[in-house]
Amino acid sequence: MRPMAAPDAPASPGADAETTAAGAPGAGTAFVLGGGGVLGAAEIGMLQALFERGIRPDLVVGTSVGAINGALVAADPTAGAVERLRAVWQDLGDQGVFAGSLLARAATLVRTRTHLHPREPLRDLLAAHLPVQTFAELAVPFQCVAASIERAAEHWFTEGPLVDAVLASCAVPGLLPPVEVDGEHYLDGGLVHSIPVGRAVALGAGMIYVLHVGRIDRPLRPPARPWEVAQVAFEIARRHRFAADLAALPPGVTLHVLPSGEERPPSAGDLRDLRYRDFSGVGDRIDRAHAAAGGYLDGVAGPGEG
């Protein structure tokens, strides 16, 4: 168990005025799913371990790939969601959501001048696997975050069409185009809130399970090669926000950061982080996270906790 406390609990900084969590009804147990591309398969193993121990969410919040996983869980907060998610991840690799030869991707970039892949394959995949179409139809409350371009601020999607909101949260800059919703344009939520613990706290969660992709386990070092500069800079930004959320945990809130199962995680800046189309290790990553999270939960969770 990893309870952490602080004297007060400020609301999530930067939250939209129209979607602020202040005064929202309390949610007992929250699952917080972070972003991280193909590494997000680890969250499936963590979910399996949680459900096997009878731990189910009253609230789900997610960012980027965590928004994909989170929406599926909020639609079906049972062990059945794990199999549905395995199918989603199988299709992510098999159906070529990020397909295309180097020439084809270059042609897309030349044509659009902003991104390498169209969003339609991911939209089709979400529409095929999500059993509901709107936030109102979900079994438990779900929120996902995206970065507003016009306002340079985080925006929390809490109602309306589900697929558009998840696409906005997953719009990785340079890979996918910005998503327009109600006249505003959005990019990947990881730019503003990569592991949104603070949102779960602001919504009143007393027990929080953090499902992350393993990056916070990796050591940081000064960049030594050109491609490492942006990666290390982004890691500093995302970890700073996560650390601030942990430091601001109010009394009475219990936090569990589930292990990802990576035995020797590569350092930030490793070239493997750029292989966003490589789904060959998804099964192994799920299994490792399942084993690690299960061992952790067996060691810390009391009877009926969660």
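To be clear, the structure that these remarks concern was listed above.
Just so it is clear, the structure is predicted and the values come from calculations on it, not from any experiment. (Residues numbered from 1 in each chain as written. Predicted model: local features only at pLDDT ≥ 70, side-chain atom pairs only at ≥ 80, totals over all residues. Heavy atoms only, no water.)

A. Spatial organisation of the nonpolar core. Within the largest apolar cluster, 62 residues are counted, with the highest numbers of intra-cluster contacts made by Phe31 and Phe142. In terms of residues, this core owes the most to one element, helix α2 (residues 65–75), which gives eight residues. Excluding residues within four positions of it along the chain, Phe31 makes contact with Leu47, Leu50, Phe51, Ile55, Arg56, Pro57, Leu59, Val60, Val61, Val73, Tyr209 and Leu211. In terms of nonpolar packing, the next biggest core, distinct from the first, is built from 20 residues, Leu59, Ile208, Leu249 and Leu255 among them. (Core = buried A, V, L, I, M, F, W, Y, C linked by side-chain atoms within 4.5 Å. Buried < 20%, exposed > 50% of the residue type's maximum accessible area, 1.4 Å probe, protein only. Helix = DSSP H or I, 4+ residues; strand = E, 2+ residues; numbered from the N terminus. Contact = heavy atoms within 4.5 Å.)

B. Representation of the pattern of salt bridges within the structure. Under the defined criterion, the tally for this structure stands at nine salt bridges. Where Arg86 meets Glu83, a salt bridge forms, and the shortest distance between an N and an O atom there is 4.0 Å. Taken together, the residues span about one helical turn, with Arg86 and Glu83 both in helix α3 (residues 80–94) at a distance of three residues. Classification of Arg86 by relative accessible area gives partly exposed; the value is 27%. Accessibility expressed as a relative area gives 53% for Glu83, which makes it exposed. A salt bridge links Asp287 to Arg86; its shortest N-O distance comes to 4.0 Å. In this pair, Asp287 is assigned in helix α9 (residues 282–300) and Arg86 in helix α3, connecting sequence segments 201 residues apart. Residue Asp287 is classed as partly exposed on the basis of its relative accessible area, which comes to 44%. Taken together, the shared-partner salt bridges connect Glu52, Arg53 and Asp298 into one network. (Salt bridge = Lys/Arg side-chain N within 4 Å of Asp/Glu carboxyl O.)

C. Structural view of the environment of Tyr209. By the element assignment, Tyr209 lies in strand β7 (residues 207–211). Assessed through its relative accessible area of 0%, Tyr209 is described here as buried. With 47 residues separating them in the primary sequence, Tyr209 and His256 have C-alpha atoms 4.8 Å apart.

D. How the structure looks around the packing of helix α1 (residues 42–52) against α2. Here α1 crosses α2 at 30 degrees, and the two axes come no closer than 11 Å. The orientation of α1 with respect to α2, classified from their angle, is roughly parallel. Helix-helix and strand crossings are classified by hand; for α1 and α2 the assignment is right-handed. Counting all contacts with α1, which are made through Glu43, Leu47 and Phe51, the residues of α2 involved are Val65, Gly66, Asn69 and Val73. Taken together, the residues that form the contact of α1 with α2 break down as four nonpolar, two polar and one charged. (Axes fitted to C-alpha atoms, helices over the stretch in contact; angles between N-to-C directions. Parallel < 35°, antiparallel > 145°, perpendicular 65-115°, else oblique. Left-handed = near helix turned anticlockwise from the far one by under 90°. Nonpolar A, V, L, I, M, F, W, Y, C, P; charged D, E, K, R; others polar.)

By themselves, these figures tell us nothing about what the structure is for.
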